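Single-letter residue listing:
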Amino acid sequence: MLTRSPESDSVRQMRDRARAIQAAGGVQQALGQGSVPKLIECTLSEALVLGLLKQGVAKYFAIFGHGSTDLGNVLRIYEEEGVTRTINCRNEVAMAHAATALRWQYGELSAVVTSIGPGAMQAFAGSLAAASNGVGVYHIYGDETTFGEGYNMQQVPKQEQGLFGRMTAILGQSYVLHTPEAVRDALRRGALCVNHPYRAGPFYLLLPLNAQPARLTVNLSGLPNGPDLPKLAPADDTAIEQAAAMISGAAKVAIKAGGGTRGHDAAVRRLAEAAGAAVVLSPGATGVLPDAHAQNMHVGGSKGSISGNYAMAEADLLIVIGSRAVCQADCSGIGYKSAQAVININGDLADALHYNKTVALVGDIGVVTERLAARLGAAANKNKRAWLEACAAKKAEWAAYKRQRFECPPIHDAARGEPVLAQPAAIKIVADFAKQIDAAKFFDAGDVQANGFQIVEDDRSGDTFTETGASYMGFAASALLGSALAEQPRYGVAFCGDGSFMMNPQILIDAVEHGVRGMIVIFDNRRMAAISGLQLAQYNAEFRTSDKVAVDYVQLAASVAGVLAVGGGASAESLRAALQAAHRHDGLSVVHVPVYCGPDELGGLGAWGQWNVGNWCEDMQKAWIEQDL
Ligand SMILES: Cc1ncc(C[n+]2csc(CCOP(=O)(O)OP(=O)(O)O)c2C)c(N)n1
Ligand SMILES: [Mg+2]
């Protein structure tokens, strides 16, 4: 039995501070009222919690260890006084994803807390998703002691100091809190990193075991708030006018809307309509233009679509907005075969100058896009009619192609010996259901993700969160946990492959423990089919991308008290019924859908672009060298 000893003076002082902050409604307010003095003496752990509070961070995802017990004790007391909330998780990769999703979906900034060593390594791995999608999250890891009295268990076993700090600094920005008073500087750097206007990412705070309980005098007024930055845009109209003239003079204009356009729906639409441009979406930008909008050509890129890739290949003028030109988005650099010039709208100088022949419009995407649209004359879109008609014909072709697959009856599956739904048909049913119940959709990797961004028909950004930056298997299911700490949680549906689900099944327990309402749909083709598909396409043979172990996912999920698990069956009707039953459950539900895998072409949605991978590299690179862009 664990017992608590009476609280020491220092703990009582900490509790009093927490109580005063709670009563005042925040650190700043408590300072204003004088209920907490500006200069206090406390531990580094508490100073960090107070500094984060000033930046609006009061939510923590944690797996504690010997590397974070002191910080854990502060979080316990602050939670008991109603100031912070900490939820305990079961896998650091999964909780890093949850924190990423909380910021990405709801805009709520939080911190991930781990122990030293393996816990930190796992959270660090998971933070690739935050880094790749430009999502700001604080990561706080226990770190080796600063006295160097000998190796600490779980540190990197080398005669070198600060190795975790160096490792993490490669992926994001990092600060080793070697000196407790440095917390002020660390939090100033962190605030900009996690709130950066166009390149936010993870900020790692390394907390040495012996520094956590070290006491310091901290000036609460001196701890930095989050940055309050104005939107930036070009100071004069020279480049905007140049871009407007290029648009008026071009016959075939395509806009490539990257992930940075999310949330700038109105500006993108206004520019597209004023410019008479076909809009091609990056996989992560579905919904930025309504699906049915005549100028929405759907996704374009290595996977792409008939219409999206047509518009990319044929456009003579390319307008890139908020894209960092990831291989999947621009066919590894050879997607714009006819483009004579580029207008690139981006906050980041390097991204804005990624292509040659570019007029770079550097600044806030919404502001710059609106300014360019306003500069276009009423006639700018008049000479684009033939182009938009050709694009519309391709969109109709893509719609018919998709419809054939959506309406495809169950196909005989060799592994199961019976007919089951093909993955595109099953995903479409679930995506339609999610729209009907106004749920957020999450995707992570594999054919489920690729088919997913080819299928979803969003009318605004913010309805789909597809982790296209890192395609991190396990993100989708884990992302549901973000809602556990959201102020106003929205029902979410995670679309998971069987392979991806088993990367992070911890959500089954975490979701119940922390009261998540949502659904996981497992599209089970008994393999990592996206990779089997690549192997077959490239080398005509698959290798080690499937196994022979039958798993009863319904029984597995149902073994967790509080989870409702249902079989989706083999038909559209049975799947719809299962989704309804699952949605009625007030908590986490899991729907298992067996899906077809095999050579039938109705089992997939095809790949319409190129990719610099495997045995395609030689041809791809030759084409890349020969093109000027
Ligand atoms: C953590 C992680 N490991 C490996 C990969 C490489 N990878 C991409 S898709 C994929 C297979 C996905 O299988 P599954 O989730 O079952 O989806 P399916 O393609 O079968 O629909 C793999 C191994 C990855 N993206 N993430
Ligand atoms: Mg699979």
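Scroll up to find the structure.
Okay, so let's go over this structure. Everything quoted here is computed from the prediction, not taken from an experiment.

**Structural notes on the packing of helix H10 (residues 238-249) against helix H15 (residues 365-375)**
- Between H10 and H15, the shortest axis-to-axis distance is 9 Å and the interhelical angle comes to 55°. Between H10 and H15, the angle is such that the two are oblique. Seen from above, H10 lies across H15 with right-handed handedness. Each of Ile240, Glu241, Ala243, Ala244 and Ile247 in H10 lies in contact with H15, whose residues at this interface are Val368, Arg371, Leu372 and Arg375.
- Of the residues assigned to the contact of H10 with H15, the class counts are six nonpolar, no polar and three charged.

**Topic: the side chain of glutamate 81**
- Tracing the chain through its elements places glutamate 81 in the loop between helix H4 (69-80) and strand S3 (85-88).
- A polar atom in the side chain of glutamate 81 sits 2.8 Å from the side chain of arginine 15.
- Each residue touching glutamate 81, except ones within four places of it in the same chain, is listed here: Arg15, Ala18, Arg19 and Gln22.

**Here's the deal with the coordination of the magnesium ion (ligand 2)**
- Within the protein, Asp498 (OD), Asn525 (OD1) and Arg527 (O) serve as the donor atoms for the magnesium ion (ligand 2), at 2.0 to 2.1 Å.
- Summarised as a motif, the one-chain spacing of the donors to the magnesium ion (ligand 2) is D-x26-N-x1-R. Taken together, the residues aspartate 498 in helix H20 (residues 498-503) and asparagine 525 in the loop between strand S20 (518-524) and helix H22 (529-539) connect sequence positions 27 residues apart.

**With respect to unusual backbone geometry**
- Phi at alanine 325 is positive, roughly 55°, even though this residue is not glycine.
- As for its position among the elements, alanine 325 is in the loop between strand S12 (317-321) and helix H13 (327-330).
- Relative accessible area serves as the criterion here: at 14%, alanine 325 is assigned to the buried category.
- Phi angles above zero are rare outside glycine, and serine 332 is one such case at about 50°.
- Relative to the helices and strands, serine 332 resides in the loop between H13 and strand S13 (341-346).

**Here's the deal with the site of ligand 1**
- Lining the immediate environment of ligand 1, one finds 18 residues, of which Ser471, Gly499, Ser500, Ala529 and Ala530 sit closest.
- Taking alanine 529, its main chain carries an N or O atom lying 2.8 Å from an oxygen atom of ligand 1.
- In the model, an oxygen atom of ligand 1 is placed 2.8 Å from a nitrogen or oxygen of the alanine 530 main chain.
- Considered on its own, ligand 1 offers 590 Å² of accessible surface; in the complex 78% of this is hidden by protein.
- Of all the secondary-structure elements, those providing two or more residues to the shell around ligand 1 are helix H18 (446-455), H20 and H22.
- Sorting elements by how many residues they give to the shell around ligand 1 places H20 first, with four residues.
- Of the residues assigned to the shell around ligand 1, the class counts are eight nonpolar, seven polar and three charged.

**Quick word on the sheet that holds S20**
- Spatially, the six strands line up as an open sheet ordered S18-S17-S19-S20-S22-S21, and their pairing is parallel. Two strands bound the open sheet, and with one partner strand each, they are strand S18 (464-466) and strand S21 (564-567). In this sheet, adjacent strand axes meet at a mean angle of 15° when their direction is disregarded.
- Bridge analysis of strand S19 (residues 492-497) against S20 gives six bridges, and the strand direction is parallel. Bridge pairing links glycine 497 to phenylalanine 523 in S20.
- In the packing of helix H24 (residues 572-584) onto the sheet, contacts are made with S20, S21 and strand S22 (588-594), and the angle to S22 comes to roughly 165°.

Quick notes on the rules
- Residues numbered from 1 in each chain as written.
- Chains lettered and ligands numbered in written order.
- Predicted model: local features only at pLDDT ≥ 70, side-chain atom pairs only at ≥ 80, totals over all residues.
- Heavy atoms only, no water.
- Axes fitted to C-alpha atoms, helices over the stretch in contact; angles between N-to-C directions.
- Helix = DSSP H or I, 4+ residues; strand = E, 2+ residues; numbered from the N terminus.
- Parallel < 35°, antiparallel > 145°, perpendicular 65-115°, else oblique.
- Left-handed = near helix turned anticlockwise from the far one by under 90°.
- Contact = heavy atoms within 4.5 Å.
- Nonpolar A, V, L, I, M, F, W, Y, C, P; charged D, E, K, R; others polar.
- Polar contact = N/O pair within 3.5 Å; in protein donor to acceptor, adjacent residues only side chain to side chain.
- Donors = N, O, S within 2.8 Å, 3.2 Å for Na, K, Ca; no water.
- Buried < 20%, exposed > 50% of the residue type's maximum accessible area, 1.4 Å probe, protein only.
- Near = heavy atom within 4 Å.
- Areas by Shrake-Rupley, 256 points an atom, 1.4 Å probe, with all protein chains shown as cover.
- Pairing = 2+ DSSP bridges.

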